[in-house]
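Descriptive analysis of the structure
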Amino acid sequence: MEKTTEYTVEITRSAKLYYFEILDQFYENSSIESASRKADELYEKAFTLNVFPERGQIEENLKDLPQSHRYILYHATSRQTVKIIYFIDQKNTMVYVTDFFPTAMDNERLMKRNK
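Here we summarise the structure given alongside this text. Here the structure is a predicted model, which means the values were calculated and not measured.

Comments concerning the environment of L62
With respect to the helices, strands and loops of the structure, L62 is situated in the loop between β2 (57-58) and β3 (70-75). Judged by relative accessible area, L62 falls into the buried class, the value being 0%. Taking C-alpha positions, L62 is 6.3 Å from M111, a pair spaced 49 residues apart along the chain.

Structure follows, in structure tokens:
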């Protein structure tokens, strides 16, 4: 049986700010219980990248950047989806989460947020 490489997941400073912006949306539009559950699920989903981070899709809007950004999706509601944007440092077995990006936002903002 092949051993699975475990990665360390780090949430960047800017990604933490974007995470808290999304939490504001959760708490504005949901009950406290629902918003708390979504907040936990979103954060935990980011940390699932410690195993097989290559599963995420290439983020086409950031393909010109050297880090080969990828994303996985978190579906908060049927109308609210968040992209967890990240890149992989294979050499150091690290995953750097750089953004929690609501898919309802204009994609031009994604490039500005991830330079």
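Following the structure, the description resumes.
Focus on the sheet that holds strand β5 (residues 94-102)
Pairing is mixed in the open sheet, where 5 strands are placed in the order β1-β5-β4-β3-β2. Where the open sheet ends on each side, the last strands, each with one partner, are β1 (8-11) and β2. Relative to β5, β1 runs parallel, the two being bridged by 4 bridges. Residue pairing across strands places V9 opposite V95, the latter belonging to β5.

Observations regarding the nonpolar core
F26, L42, L49, I84, V97 and F100 are the most contacted members of the largest nonpolar core, which has 23 residues in total. At the level of secondary structure, the elements contributing two or more residues to this core comprise β1, α1 (13-29), α2 (32-47), β3, β4 (81-89) and β5. When residues in this core are grouped by element, the largest group, 5 residues, is from α1. Apart from the residues lying within four places of it in its own chain, the contact partners of F26 are A35, K38, A39, L42, Y74, A76 and Q80.

Here's the deal with α2
Helix length check: α2, at 16 residues, gives a terminal C-alpha distance of 23 Å against a target of 22 Å (1.5 Å per residue), a fit within 8%. When α2 is considered as a whole, its buried residues turn out to be S34, A35, K38, A39, L42 and A46. The arc enclosing the buried residues of α2, seen along the axis, measures out at 135°, which places them on a common side. Seen from the buried face of α2, the exposed residues on the opposite side, beyond 90 degrees, are I32, E33 and E44. Among the structural elements, β1, α1, β3, β4 and β5 are those in contact with the buried residues of α2.

Re the packing of aromatic side chains
Applying the stated rule across the entire model yields 5 aromatic pairs. Chaining the aromatic ring pairs together yields one cluster made of Y19, F20, Y43, F47 and F100. Residue placement shows K38 over the ring face of F26; its charged tip is 5.8 Å from the ring centre. A cation over a ring is seen here: K83 above Y71, with NZ or CZ 4.4 Å from the ring centre.

Re the packing of α1 against α2
Put simply, α1 and α2 touch, their axes get as near as 9 Å, and they point 155° apart. The angle between the axes of α1 and α2 places the two elements in the roughly antiparallel class. Helix-helix and strand crossings are classified by hand; for α1 and α2 the assignment is right-handed. Together, Y19, I22, L23, F26 and Y27 of α1 and I32, A35, S36, K38, A39, D40, L42 and Y43 of α2 make up the contact between the two elements. For the contact of α1 with α2, the per-class residue count stands at 10 nonpolar, 1 polar and 2 charged.

Criteria and cut-off values
Residues numbered from 1 in each chain as written. Predicted model: local features only at pLDDT ≥ 70, side-chain atom pairs only at ≥ 80, totals over all residues. Heavy atoms only, no water. Helix = DSSP H or I, 4+ residues; strand = E, 2+ residues; numbered from the N terminus. Buried < 20%, exposed > 50% of the residue type's maximum accessible area, 1.4 Å probe, protein only. Pairing = 2+ DSSP bridges. Core = buried A, V, L, I, M, F, W, Y, C linked by side-chain atoms within 4.5 Å. Contact = heavy atoms within 4.5 Å. Expected span 1.5 Å × (residues − 1). Arc of directions from axis to C-beta. Phe/Tyr/Trp six-rings, centres within 6.5 Å; stacked < 30°, edge-to-face > 60°. Lys NZ or Arg CZ within 6 Å of the ring centre and 35° of its normal. Axes fitted to C-alpha atoms, helices over the stretch in contact; angles between N-to-C directions. Parallel < 35°, antiparallel > 145°, perpendicular 65-115°, else oblique. Left-handed = near helix turned anticlockwise from the far one by under 90°. Nonpolar A, V, L, I, M, F, W, Y, C, P; charged D, E, K, R; others polar.

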